[in-house]
Amino acid sequence: MPRRGFSDVSPGAIALLGLLSFSLLSPLPFALASAPPAVISNPRVTPLRLEISLSRRQLTLYQGQTPLRRYPVAVGRPGWETPVGTFQVRQMIRDPAWKNPFTGVVIAGGHSQNPLGRRWIGFWSDGKNWVGLHGTPNPESVGQAVSHGCVRMYNHDIEELFEKVHLGVPVIVVR
């Protein structure tokens, strides 16, 4: 029997081969598309951390051992000290509302007199009260020990930092 080339195969046989190939391969793209995305891990990317020095009134953003940026901050005043220890970012809120702990009056998020400014990064809670990083409508307070435990930042600095960190980033507060 002579050997046949591809051009000698009937059009019906080619169509049947095409349908068979398509039916066998068609589940593959669907399976790939519906599979969960692979976790891409880059061992060269070093995790971020925040370190707050209460005495220097300074927050430093680190990547590994490398300081990326330093920010001036205000910290808790005597009797309302910022807690010392190792914490982690637990809340991130754009335009947070603020409730006065003494009167219960609420100032809406985004309001020019909101003492939290435009961003909130919460890192400590006793289950009722929170301490975090936030902006301030009183930029002259930055560099002072004047807050009720929170860490105040210039609004442009907290907005920048907010875009760089994420939930779970360690926050280390030292004297």
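Our subject in this report is the structure included herewith. (Residues numbered from 1 in each chain as written. Predicted model: local features only at pLDDT ≥ 70, side-chain atom pairs only at ≥ 80, totals over all residues. Heavy atoms only, no water.)

1. Considerations on helix α3 (residues 155-164)
Every buried residue of α3 is listed here: Asp157, Ile158, Leu161 and Phe162. Viewed along the axis of α3, the buried residues span an arc of 135°, placing them on a single side of the element. Exposed positions of α3 whose direction lies more than 90 degrees from the buried face are His156 and Glu163. On its buried face, α3 is in contact with β1 (48-53), β2 (58-63), β3 (66-72), β6 (91-94), β9 (119-125) and β10 (130-134). (Buried < 20%, exposed > 50% of the residue type's maximum accessible area, 1.4 Å probe, protein only. Helix = DSSP H or I, 4+ residues; strand = E, 2+ residues; numbered from the N terminus. Arc of directions from axis to C-beta. Contact = heavy atoms within 4.5 Å.)

2. Considerations on the sheet that holds strand β13 (residues 170-174)
The strand order β3-β2-β1-β13-β5 describes an open sheet built from five strands, whose pairing is mixed. Two strands lie at the open edges of the sheet, namely β3 and β5 (85-88), each paired on one side alone. Neighbour-to-neighbour, the strand axes of the sheet open up by a mean angle of 20°, direction not taken into account. (Pairing = 2+ DSSP bridges. Axes fitted to C-alpha atoms, helices over the stretch in contact; angles between N-to-C directions.)

3. Overview of the packing of aromatic side chains
On inspection of all chains with the given rule, the structure shows two aromatic pairs. Where Phe87 meets Phe123, the ring centres are 5.7 Å apart and the plane angle is 45°; that geometry is what we call tilted. With Phe87 in strand β5 and Phe123 in strand β9, the pair connects residues that are 36 residues apart, well separated along the chain. The class for Phe87 is buried, based on a relative accessible area of 18%. You can call Phe123 buried: its relative accessible area is 1%. Lying over the aromatic face of Phe162, Arg119 brings its terminal NZ or CZ to 5.4 Å of the ring centre. (Phe/Tyr/Trp six-rings, centres within 6.5 Å; stacked < 30°, edge-to-face > 60°. Lys NZ or Arg CZ within 6 Å of the ring centre and 35° of its normal.)

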